[in-house]
Amino acid sequence: MAVVGVLALQGSFNEHIAALRRLGMKGVEIRKPEQLQSISSLIIPGGESTTMAKLAEFHNLFPALREFVQMGKPVWGTCAGLIFLANKAVGQKEGGQELVGGLNCTVHRNYFGSQIQSFEAELLVPELASQEGGPETFRGVFIRAPAVLEVGPEVEVLADYPIPSNKVLYSSSAVEIQEESAVPEKKVIVAIKQGNLLGTAFHPELTADTRWHSYFLKMVRDVGEGTSNTTVAVSEAASSSDRQTKYDLPIFR
Ligand SMILES: NC(=O)CC[C@H](N)C(=O)O
């Protein structure tokens, strides 16, 4: 059975493994560089990117992660994982943090503010819905979330989020954003794809909707390496039946 690696240093790796299980796929916890050799795709979960980067550095994972990305293997970063995959991050803690890079974009690490400014929102996801079926919207769970400020021409924008002009985003740390938030209905990018790389600023593993996971599994199948097509096909069948039976609770505002 094909397996998907999930970086398991910190953060919501268990939730990703559970989401993969709902699709009939096995997620394996990755903590050491040599373990990357036995997998053909990787999810980098959300959590706290500075802490995760320190742990990755301690385990000497950065060179192996960069090689993994450069080899064209599918990698999906959610939230802190998106920050890991960005070529550039702003709003970092003093001294910055090491990044894996690969996604030609700039992310703001805490674009939406602090932990208490976490929120949920229905996002328009036309590309996801056209590939995976289901509703045109996806419930985005944003936990002290980053956002993508700029993308290169090769980056496909899969979802953005309109920021109402009256919404005060947050305090001190990001002066450039406060200036921009004066513009009515500014949109910020919250999901992107660039070749083998996928990045979401929110947490799909915390919802019952498995479409982002099955979208990623299709990317894995398209690359083909070490992945059995049959396994993924079976998983897709599992995912559509799942979709009919599992519902998220309504969004609390
Ligand atoms: N939920 C998350 O992964 C939050 C990421 C957080 N903003 C960071 O800097 O790591």
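Residues numbered from 1 in each chain as written. Predicted model: local features only at pLDDT ≥ 70, side-chain atom pairs only at ≥ 80, totals over all residues. Heavy atoms only, no water.

A closer look at the side chain of Ser49
Phase 1 of the analysis: If you trace the backbone, Ser49 turns up in helix H2 (residues 49–58).
Phase 2 of the analysis: Among the polar contacts made by the side chain of Ser49, one reaches the side chain of Gln97 at a distance of 2.9 Å. (Helix = DSSP H or I, 4+ residues; strand = E, 2+ residues; numbered from the N terminus. Polar contact = N/O pair within 3.5 Å; in protein donor to acceptor, adjacent residues only side chain to side chain.)

A closer look at the nonpolar core
Phase 1 of the analysis: By size, the foremost hydrophobic cluster in this structure holds 72 residues, and its most contacted members are Phe112, Val190 and Trp212.
Phase 2 of the analysis: A total of six residues in this core trace back to one element, the largest contributor, which is helix H7 (residues 211–223). (Core = buried A, V, L, I, M, F, W, Y, C linked by side-chain atoms within 4.5 Å. Buried < 20%, exposed > 50% of the residue type's maximum accessible area, 1.4 Å probe, protein only.)

Considerations on the pairing of strand E2 (residues 26–30)
Phase 1 of the analysis: Relative to E2, strand E1 (residues 3–7) runs parallel, the two sharing five bridges. In the strand pairing of E2, Leu7 is matched with Ile30.
Phase 2 of the analysis: Handedness of the β-α-β unit built from E1, helix H1 (residues 13–22) and E2 comes out right-handed. (Pairing = 2+ DSSP bridges. Right-handed = clockwise from strand over helix to strand, strands pointing away.)

Here's the deal with the UniProt feature "binding site: L-glutamine" (unreviewed entry) in the protein chain
Phase 1 of the analysis: As recorded in UniProt, the sites labelled "binding site: L-glutamine" (unreviewed entry) are Gly47, Glu48, Ser49, Arg109, Ile143 and Arg144. Considering the C-alpha atoms alone, the annotated residues occupy 98 residues of sequence yet fold into one spot, their largest mutual distance being 12.5 Å.
Phase 2 of the analysis: When residues no more than four places from it in sequence are discounted, the contact partners of Ser49 are Ala80, Ile83, Phe84, Gln97 and Arg109.
Phase 3 of the analysis: Here Gln115 takes part through its side chain, which lies 3.2 Å from a polar atom of the side chain of Arg144. (UniProt positions renumbered as here; feature names shortened; annotations may be inferred. Contact = heavy atoms within 4.5 Å.)

Regarding unusual backbone geometry
Phase 1 of the analysis: Its identity as a non-glycine residue notwithstanding, Asn60 has a phi of 55 degrees, on the positive side.
Phase 2 of the analysis: Note that Asn60 resides in the loop between H2 and helix H3 (62–70).
Phase 3 of the analysis: For Asn60, a relative accessible area of 51% gives the class exposed.
Phase 4 of the analysis: With a phi close to 40 degrees, Arg144 is a non-glycine residue in the positive phi region.
Phase 5 of the analysis: Counting through the fold element by element, Arg144 comes out in the loop between strand E8 (137–142) and strand E9 (147–151).
Phase 6 of the analysis: On the basis of relative accessible area, Arg144 is assigned to the partly exposed category, the value being 25%.

Side note on the environment of Leu149
Phase 1 of the analysis: With respect to the helices, strands and loops of the structure, Leu149 is situated in strand E9.
Phase 2 of the analysis: For the pair Leu149 and Ala89, spaced 60 residues apart in the sequence, the C-alpha separation amounts to 9.5 Å.

As for the site of the ligand
Phase 1 of the analysis: Taken together, Gly46, Gly47, Glu48, Ser49, Cys79, Ala80, Ile83, Arg109, Asn110, Ile143, Arg144 and His203 form the complete shell of residues around the ligand.
Phase 2 of the analysis: Ser49 places a polar main-chain atom, nitrogen or oxygen, 2.4 Å from an oxygen atom of the ligand.
Phase 3 of the analysis: One of the side-chain N or O atoms of Arg109 is found 2.5 Å from an oxygen atom in the ligand.
Phase 4 of the analysis: In isolation the ligand exposes 300 Å². Once the protein is present, 98% of that is buried. (Near = heavy atom within 4 Å. Areas by Shrake-Rupley, 256 points an atom, 1.4 Å probe, with all protein chains shown as cover.)

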